[in-house]
Amino acid sequence: MLVRIVFALERMSNMGSLSEELAWRGFVNQTTFTDNNVLDGDPLSFYFGVDPSADSMHIGQLAMAMMIRHFIEHGHKATLLVGGATGMVGDPDGKAEERELKSVEEIEHNKAGIAAQYQSLFDGQPFDVVDNYDWFKDMNYLTFLRDIGKHVAVSQMLGRDFIQSRLGEGGAGISYAEFSYALIQGYDFLHLYREKGITLQIAGADQWGNSVTGVQLIRKIENAEANVWTAPLIINKTTGRKFGKSEEGAIWLDEKQTSVYQFYQFWLNVDDEGVIDYAKIYTLLTCAEIEELSQKQSENPGARPAQKRLAYEVTKLVHGEIAAESARRVTEVLFGGAAFDSLSGDDMELLAAEIPTAERGESVVDILTNSGITDSKGEARRLILGGAISVNGSKISDDQMLDHPALIKKGKNSFLLVR
């Protein structure tokens, strides 16, 4: 035990450097740096980009945003790119088939959503936002081929795994537009180097090939040094699958696509094996705080202290403290035994969007039957007599009128809000 404490203290003492912070939190994958300690030296200008394939980022991109927060907090200068130009083509990497092109109107809508999330996630931090459509919209095609395409070998592009799979036997093939995507993204890096002195691109592991294209262009055309830093894709250790997918699909940052309550529940239900790693990646908790949380989790995993803290911290970061508190209170009422009357009006609205609702002024039997929770009044009465129905946390033994807001619970996980 003493050895563990000493090791933890030694590790916490190293958290002053960015390279140590990134390694501890799990943000190290491939890089063109020969020495990662360069991140601990003079400030670097870097960029990170998101294509507007949707009007919201998902939690895979949120992981990247969290890594960027650490770069900014250690003095590096951030430029965040919205890919208005690249979004018109669509990144083919990892896709088995050609993407459907989005309309200009849809791309404009999605760009606005991504830019707004940048502003929210990095509120209070220094950064610039750029759109690569601004430097591509008036570009001459022949000039691009002559000045940029001339410096990129086709053999290099053909060697990428996803290209081989698309062109190989049984592959869906690839259009010239998608084949050229890496060249377009590579030019982004070159342009930002020329205009803003940016020498580092930050990306996820799946963007390594696209990012390296930019490094090579800068080195060949400008005879200058440029680098890439990528973070690994996050894997659910229990399932072995990519983290962040639910049965309903991706977990989005936009509450219109993934509600605040659903967002909170996703984090609350992450696997025990990975929860501490997720806390390192998706929160700004310090090493000392996470060590303490890990200890509590080990002592009482059934109470899920790490999941509860993770759910609150990530929801607060994405949706704000008020929304996080509301999601926590609603969850405690539904599953933790907290009093129903502790919920505010806003909490009620959040809850009403997630579970069935009914109007007050009827008996419990009528409400259960009319709402479809039970198939008949007879079934409702039998459940009441059997102690399977509770109102506001207390089991009832006979029918009663409900002329006030209430939460009816059937069994363990079936709820009805009476408003």
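Quick caveat, the model's predicted, so the values are computed rather than measured.

Parameters at a glance
Here, residues in each chain are numbered from 1, in the same order as that chain's written sequence. The predicted origin of the model limits local features to residues at a pLDDT of at least 70 and limits the giving and counting of side-chain atom pairs to 80 or more, whereas totals for whole chains, interfaces and linings rest on all residues. Side-chain metrics rest on all non-hydrogen atoms present in the structure, leaving aside hydrogens and water. Here a strand is any run of E in DSSP of at least two residues, a helix any run of H or I of at least four, and the numbering for each starts at the N terminus. Here a residue-residue contact requires only that any non-hydrogen atoms of the pair lie within 4.5 Å. With a 1.4 Å probe rolled over the protein chains alone, any residue whose accessible area is under 20% of its type maximum counts as buried; one over 50% counts as exposed, and the rest are partly exposed. In short, DSSP must find at least two bridges between two strands for them to pair. By convention a crossover is right-handed if, when the strands point away from the viewer, the path from the first strand over the helix to the second runs clockwise. By definition here, a helix of n residues has an expected span of 1.5 Å times n minus one. The arc in question is the one traced by the directions running from the helix axis out to the C-beta atoms. Ring pairs shown here join Phe, Tyr and Trp side chains whose ring centres sit within 6.5 Å, with only the six-membered ring taken for Trp; geometry is labelled stacked below 30 degrees between planes, edge-to-face above 60, and tilted in between. To define axes, lines are fitted to C-alpha atoms, for helices over the stretch in contact only, and angles between the resulting N-to-C directions are given on a 0 to 180 degree scale. Working rule for angles: under 35 degrees goes down as roughly parallel, over 145 as roughly antiparallel, 65 to 115 as roughly perpendicular, anything else as oblique. Two helices crossing with the near one rotated counterclockwise from the far one by less than a right angle form a left-handed crossing, whereas a clockwise rotation gives a right-handed crossing. Under the scheme applied, nonpolar residues are Ala, Val, Leu, Ile, Met, Phe, Trp, Tyr, Cys and Pro; charged residues are Asp, Glu, Lys and Arg; polar residues are all the others, including Gly. Patch criteria: residues need more than 30% relative accessible area and no salt bridge. Like-charged residues are merged within 9 Å; nonpolar side chains of Val, Leu, Ile, Met, Phe, Trp and Tyr are merged within 5 Å. For the area figures, the Shrake-Rupley method with a 1.4 Å probe applies, and any residue is considered shielded solely by the protein chains shown. Any carboxyl oxygen of Asp or Glu that lies within 4 Å of a side-chain nitrogen of Lys or Arg is treated as forming a salt bridge with it.

A.B. asks: Would you mind going over the side chain of Glu313 with me for this structure?
C.D. replies: With respect to the helices and strands, the residue Glu313 is situated in helix H15 (residues 305-319). Beyond its immediate stretch of four places on either side in the chain, Glu313 contacts Thr283 and Leu285.

A.B. asks: Looking at this structure, how should I read the pairing of strand S1 (residues 45-50)?
C.D. replies: A regular strand places its side chains on the two faces of the sheet in alternate fashion. Burial analysis of S1 places 5 of its 6 residues in the buried class, which makes it a mostly covered element. As judged from the 6 bridges shared by S1 and strand S2 (residues 77-82), these two strands associate in the parallel manner. Note that in S2 the partner of Gly49 across the bridge is Leu81. Read as a crossover between parallel neighbours, the route from S1 over helix H3 (residues 59-73) to S2 is right-handed. Bridge analysis of S1 against strand S4 (residues 200-204) gives 2 bridges, and the strand direction is parallel. When the bridges of S4 are listed, Phe46 appears paired with Leu200.

A.B. asks: Before we go on, may I ask you to explain helix H4 (residues 104-121) in this structure?
C.D. replies: Residue pairs three or four apart in sequence face the same way in an α-helix, which turns once every 3.6 residues. Between the first and last C-alpha of H4 there are 26 Å, a value that for 18 residues agrees with the 26 Å anticipated at 1.5 Å per step. Among the residues of H4, Ile107, Asn110, Lys111, Gly113, Ile114, Gln117, Tyr118 and Leu121 are the ones counted as buried. Each buried residue of H4 sits inside an arc of 165 degrees when the element is viewed along its axis, so together they form one side.

A.B. asks: Explanation requested: the packing of aromatic side chains in the structure shown.
C.D. replies: Aromatic rings considered in pairs are described by the distance between their centres and by the relative angle of their planes. Counted according to the given criterion, the structure contains 16 aromatic pairs. Seen from their ring centres, Phe136 and Phe144 are 6.0 Å apart, and the 65 degrees between their planes marks the pair as edge-to-face. Look at Phe136 and you get buried, because its relative accessible area is 15%. Arranged with centres 5.4 Å apart and planes meeting at 65 degrees, the rings of Phe136 and Tyr187 form a pair that is edge-to-face. Of this pair, Phe136 sits in helix H5 (residues 133-136) while Tyr187 sits in helix H10 (residues 181-196); the two residues are 51 residues apart in sequence, bridging distant segments of the chain. For the pair shown, Phe136 and Tyr187 are each scored as buried. Pairwise contacts between aromatic rings join Phe243, Phe263, Phe266, Trp267, Tyr278 and Tyr282 into one cluster.

A.B. asks: Explanation requested: the sheet that holds S2 in the structure shown.
C.D. replies: Two pairing modes exist for strands in a sheet, parallel and antiparallel, and in both the strands are linked by backbone hydrogen bonds. Pairing is parallel in the open sheet, where 5 strands are placed in the order S3-S2-S1-S4-S5. Edge strands, defined here as strands with exactly one partner in the open sheet, are strand S3 (127-131) and strand S5 (227-231). The average angle at which neighbouring strand axes cross in this sheet is 25 degrees, direction not considered. Looking at chain direction, S2 and S3 are connected through 5 bridges and run parallel. Across the sheet, Ala78 pairs through a bridge with Phe127, a residue of S3. Along the sheet, H4 makes contact with S1, S2 and S3, crossing S2 at roughly 160 degrees. Set on the sheet, H10 makes contact with S1, S2, S3, S4 and S5; between it and S1 the angle comes to about 145 degrees.

A.B. asks: Is there a simple way to think about the packing of helix H16 (residues 321-335) against helix H17 (residues 345-352) in this case?
C.D. replies: Angle between the axes and distance between the axes: these two values describe a pair of packed helices. Taken N-terminus to C-terminus, the directions of H16 and H17 make an angle of 70 degrees; their axes are 9 Å apart at the nearest point. In terms of axis orientation, H16 runs roughly perpendicular to H17. Crossing of H16 over H17 shows right-handed handedness. Touching Ser326, Ala327, Arg329, Val330 and Leu334 of H16 are Asp346, Asp347, Leu350 and Leu351, all from H17. In the contact of H16 with H17, the residues fall into 5 nonpolar, 1 polar and 3 charged.

A.B. asks: Even after reading the chapter, I still don't get the sheet that holds strand S14 (residues 414-418), so can you show me in this structure?
C.D. replies: Strand order in this open sheet of 5 strands is S8-S14-S13-S10-S11, and the pairing throughout is mixed. With partners counted over all chains shown, the strands left at the sheet margins are strand S8 (357-358) and strand S11 (394-395), one partner each. In this structure, strand S13 (residues 406-410) lies alongside S14, joined through 5 bridges in antiparallel fashion. When the sheet's bridge partners are listed, Ala406 is paired in S14 with Val418.

A.B. asks: Could you clarify how one ought to interpret a nonpolar patch on the surface in this entry?
C.D. replies: On the surface, a cluster of nonpolar side chains totalling about 460 Å² of accessible area is made up of Tyr141, Leu142, Leu145 and Tyr176. Here the nonpolar patch takes 3 residues from helix H6 (residues 141-147), the largest share from any one element. Its location among the elements puts Leu145 in helix H6. Owing to a relative accessible area of 30%, Leu145 belongs among the partly exposed residues under this scheme.

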